[in-house]
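Geometric and topological summary
Chain by chain, the residues:
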Amino acid sequence: MKPFPVGSSLIQSNLISSNSMPFHSSPLYHRFLRLCLFTFGLVGLIVGTTAADDRIDFNRDIRPLLSDNCIFCHGPDSENREADLRLDIESDAKKDLGDDWVIKEGQPKNSMLVDRIFSDDPDHMMPPPESGKQLDDRQKKLLQNWITQGAKWSRHWAYEVPVKHSVPKSESKWPINWIDRLIIDRLEKESMSPAPDASGITLIRRLYFDLTGLPPTTDQVSAFLNDKSERAVSRVIQELLQSPHFGERMAIYWLDLVRFADTVGYHGDQDHSIAPFRDWVIRAFNDNMPFDQFTREQLAGDLLKDPDESQLIATGYNRLLQTTHEGGLQPSEYRAMYAADRVRNLSAVWLGGTLGCAQCHDHKYDPYTSRDFYSMAAFFADINDEQHFKDGSNSLPTRRSPEIRVILPDIQEQINKLQKLKDQLIEQFKNEKSEESKAEIVGKRKQVEADINKLTSSGYLTMITQALDKPRVTRILPRGNFLDQTGPVVEPAVPEFLQGLGKINPKKRLTRLDLANWLTDEDHSSSLLTARVFVNRIWYLLFGAGLTPNLDDFGGQGSPPVHPELLDNLAISFVASGWDVKRLITLIASSRTYQISSVATESHYLKDPENRLFARQSHQRLPAEFIRDNALAVSGLLVTDIGGLSVKPYQPDGYYRNLNFPTRKYSPHLDQRQYKRGVYMHWQRQFLHPMLKAFDAPRREECTAQRSRSNTPIAALVLLNDPTFVESTRVLAEKIRTLEPDINQAVAKAFLMSLSRPPDQIEAKALVALYKSNLGKYNAEPAAAAQLLSVGLSPSPRFNQPEIAALTQVIRVIFNLDEFVSRR
């Protein structure tokens, strides 16, 4: 199938007039066609049976219908259940009611479910009109046909123990590894073909952004394009996985999940001390720490035998929640809020669950009960974190004991060198005979010791977890009311319905370490649920969508995977590898499925507009931090130091004017910290940096497994006017103008450095014309050129200001292209 023709960039799309090409070949037409496809539902996949398989599958086709339309009233929530009927349990849904059955296998005419959903009587129909739910004709017919076929039931897919599926053989030369064989097998059943391989430039940029969050240099692109060996791709993958920037890239996502921020969130949103936890996450990913160990050290590093400083820093995870430091707080209220926050995050991050919905009542859609919720909260009842209830203050940063003082790695390196020097001086003193020389050595040693003491005291604080000798009592709070302490006491326990995946037999009170082991021990099948959740998210990072699209809800309101065999096999492989994250990423990135083009054919749009089958790669905007890093990297301003305290880039004056208790004024860093990567940006929960906010970074008040992707004029204005981007464009313009006096070559160089490819004829012509129009303006108004070139900390150029300012405007346009802020 011929691929859709697309404009090579926004410039091409914007400059080509409607008369320059047939409408059906224009990018505008294709956007219009896609809108029509979604609006009128001209799709053949999504939910329901397909031409490839007329057999109705319960998890794929029926469970989502029941969950969306029936389970709210006929599900796990006993307090609000109607007619004492559950449609989430097979035995209940199919029980003999005497002369009637709700669902009678193979007999739709004798099934009350069919009678009710086809009824026109408002007092008889289901779902009832007042529910706001409605089944369309296709969905009704699907339920009827499922009963006709025998109403075969399956346990919820996410809570079935994964099994290793056989991989189909393929005569095609297309597959590179077993992932491809599973993908192509399904595509062939749907009469679909995968997209062609991505171009070398597209692939190398995709790999760099996906694995490090940074663009490749022109030299790195050339080296890859010139490498004709079969190992060219695998060589780049391994190089990038060994890069220290890999850990930074992975940390951005993990910090979204665990809601890392530099501030407390509630009320005054004061700063708190937690930056070393971010460094620990970066180091863990760079060191390829096994994911089970990664889990244990965060949840329960303090409970390990003789925990070292690194393991204590990891327990900062338990302190990342929002806290209050107001004077009139009620301890019982915030104790309940903190417990609920921890349960929500634990279940979302490791279980892909919504256990938080059972805080006030049994879950409406999933088998979680209120007892499950509070039993999970009891695991965290030993955390010593209530000192701030007594001594909270509005000081900056707010003290949240227990804390430890951590020495930065570069500072520790200096201390180690000084310690060696001190040891050498001691040896010299022992061997020295001259009293005068001995006195000189003593003087030097005292100075070295003073330097060591000064550096040692320069460390910074970070919150850790410390277990109480006696855990707090945990009760079920009726309807979540912290004032009602009449509920029964509960002990730590995992959700009852999940104990079939691995039951913990308590010989004593269970701890956070028991919980971490239950989540990851191979002896418990629950570890495969954890693995499913994690590998689905890694797939999302590399494809823009998960194998199941609901990254944070594997329950009844989530969607089943279109490739369940692939998800199971990846989860099993991940656990069998020893929870090896880099191996998992290597496996996926080495597949042909990962390396194909993101350009869709007309057939792809018609049959699979959402790309659930992965017949093509995805074209997606970069995360906010990557966009900023991209500009800094291309300009040469990026400071690549790893780790350290949070940094404060330029920010509009007065942005914090409504931030009180205490009032404060934002002061950007005026040194090299200004140019560090986005992962280190100060994360103010209530007043997130405007650049991050414009590109949909979360405030990190809750677990964020998938960032939203908006498309607003504000984002374009940020790219044009944020001082970081203006400074990056002018610094790059000066660099290029110095090397390339010919404007045609200068424009081509700017384009190549920004997008890894030369401009086509239309793009080059438009950009040169833009340069010339701006040059005329700046020759006439040199003060305007000087003003533009003064933005940022970097020194302004002293010569050729009109030419550099004009080229700056060209690069500002290039930085505003979709191609610059997206990965394809």
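Residues numbered from 1 in each chain as written. Predicted model: local features only at pLDDT ≥ 70, side-chain atom pairs only at ≥ 80, totals over all residues. Heavy atoms only, no water.

**Quick notes on the confidence of the model for the chain**
- Chain-level statistics for the chain give a pLDDT mean of 90 and a share of 93% at 70 or above.
- In this model residues 1-52 is a low-confidence stretch, pLDDT under 50, and it forms 87 contacts with partners more than four residues away in sequence or in other chains. (pLDDT = per-residue confidence, 0-100. Contact = heavy atoms within 4.5 Å.)

**A word on unusual backbone geometry**
- Residue proline 127 follows methionine 126 across a cis peptide bond; omega there is -5°.
- The residue after serine 401, namely proline 402, is reached through a cis peptide bond having omega 0°.
- The topology assignment puts proline 402 in the loop between helix H17 (388-391) and strand E1 (403-406).
- The backbone of aspartate 306 sits at a positive phi, close to 45°, despite the residue not being glycine.
- Of note, aspartate 306 is situated in the loop between helix H13 (291-300) and helix H14 (309-314).
- Here aspartate 306 falls in the exposed class, since its relative accessible area comes to 66%. (Helix = DSSP H or I, 4+ residues; strand = E, 2+ residues; numbered from the N terminus. Buried < 20%, exposed > 50% of the residue type's maximum accessible area, 1.4 Å probe, protein only.)

**Quick word on the packing of helix H10 (residues 232-241) against helix H23 (residues 581-589)**
- Relative to each other, H10 and H23 sit at 150°, their axes nearing to 11 Å. It follows from the interaxial angle that H10 and H23 lie roughly antiparallel. As H10 runs across H23, the sense of the crossing is right-handed. Contacts between H10 and H23 involve Ile237, Gln238 and Leu241 on the former and, on the latter, Lys582, Ile585, Thr586 and Ala589.
- Class assignment of the residues belonging to the contact of H10 with H23 gives a composition of four nonpolar, two polar and one charged. (Axes fitted to C-alpha atoms, helices over the stretch in contact; angles between N-to-C directions. Parallel < 35°, antiparallel > 145°, perpendicular 65-115°, else oblique. Left-handed = near helix turned anticlockwise from the far one by under 90°. Nonpolar A, V, L, I, M, F, W, Y, C, P; charged D, E, K, R; others polar.)

**A word on the packing of aromatic side chains**
- Under the defined criterion, the tally for this structure stands at 35 aromatic pairs.
- Ring plane angle 65° and centroid distance 6.1 Å describe the contact between tyrosine 266 and tyrosine 334, whose orientation is recorded as edge-to-face. With tyrosine 266 in the loop between helix H11 (244-257) and helix H12 (275-286) and tyrosine 334 in helix H15 (residues 331-351), this residue pair connects regions lying 68 residues apart in the sequence.
- What makes tyrosine 266 partly exposed here is its relative accessible area of 21%.
- By relative accessible area, tyrosine 334 is classed as buried at 6%.
- Grouped by ring-pair contacts, the aromatic residues Trp254, Phe260, Phe277, Trp280, Phe285, Phe291, Phe294, Tyr317, Trp350, Phe534, Phe574 and Trp579 constitute a single cluster. (Phe/Tyr/Trp six-rings, centres within 6.5 Å; stacked < 30°, edge-to-face > 60°.)

**A few points about the pattern of salt bridges**
- What the rule picks out here adds up to 41 salt bridges.
- A salt bridge links arginine 235 to aspartate 227, with the shortest nitrogen-to-oxygen separation between them at 2.5 Å.
- By relative accessible area, which is 35% here, arginine 235 ends up partly exposed.
- In this structure, glutamate 701 engages arginine 699 in a salt bridge whose closest nitrogen and oxygen atoms are separated by 2.9 Å.
- Owing to a relative accessible area of 23%, glutamate 701 belongs among the partly exposed residues under this scheme.
- For arginine 699, a relative accessible area of 39% gives the class partly exposed.
- Taken together, the shared-partner salt bridges connect Arg335, Arg342, Asp385, Glu386 and Arg472 into one network. (Salt bridge = Lys/Arg side-chain N within 4 Å of Asp/Glu carboxyl O.)

**Structural notes on a negative patch on the surface**
- Together, Asp120, Asp121, Asp123 and Glu130 line one region of the surface with negative charge.
- Residue placement: aspartate 123 occurs in the loop between helix H5 (112-117) and helix H6 (137-148).
- Judged by its relative accessible area of 75%, aspartate 123 falls in the exposed class. (Patch = residues over 30% accessible without salt bridge, like charges linked within 9 Å, V, L, I, M, F, W, Y side chains within 5 Å. Areas by Shrake-Rupley, 256 points an atom, 1.4 Å probe, with all protein chains shown as cover. Lys, Arg positive; Asp, Glu negative; His and termini not counted. Charge placed at Lys NZ, Arg CZ, Asp CG, Glu CD.)

**A closer look at helix H19 (residues 435-456)**
- With 22 residues, H19 should reach 32 Å at 1.5 Å per residue; the first-to-last C-alpha distance of 31 Å fits that figure.
- For H19, every residue scored as buried is listed here: Ile441, Val448, Ile452 and Leu455. Axial view of H19: buried residues confined to an arc of 65°, hence all on one face. What points out from H19, more than 90 degrees from its buried face, is the exposed set Glu435, Glu436, Lys446, Asn453 and Lys454.
- If you follow the buried residues of H19, they end up packed against helix H18 (409-431).
- In this structure serine 434 caps H19, since a side-chain oxygen of it lies 3.3 Å from the backbone nitrogen of glutamate 436. (Expected span 1.5 Å × (residues − 1). Arc of directions from axis to C-beta. Polar contact = N/O pair within 3.5 Å; in protein donor to acceptor, adjacent residues only side chain to side chain.)

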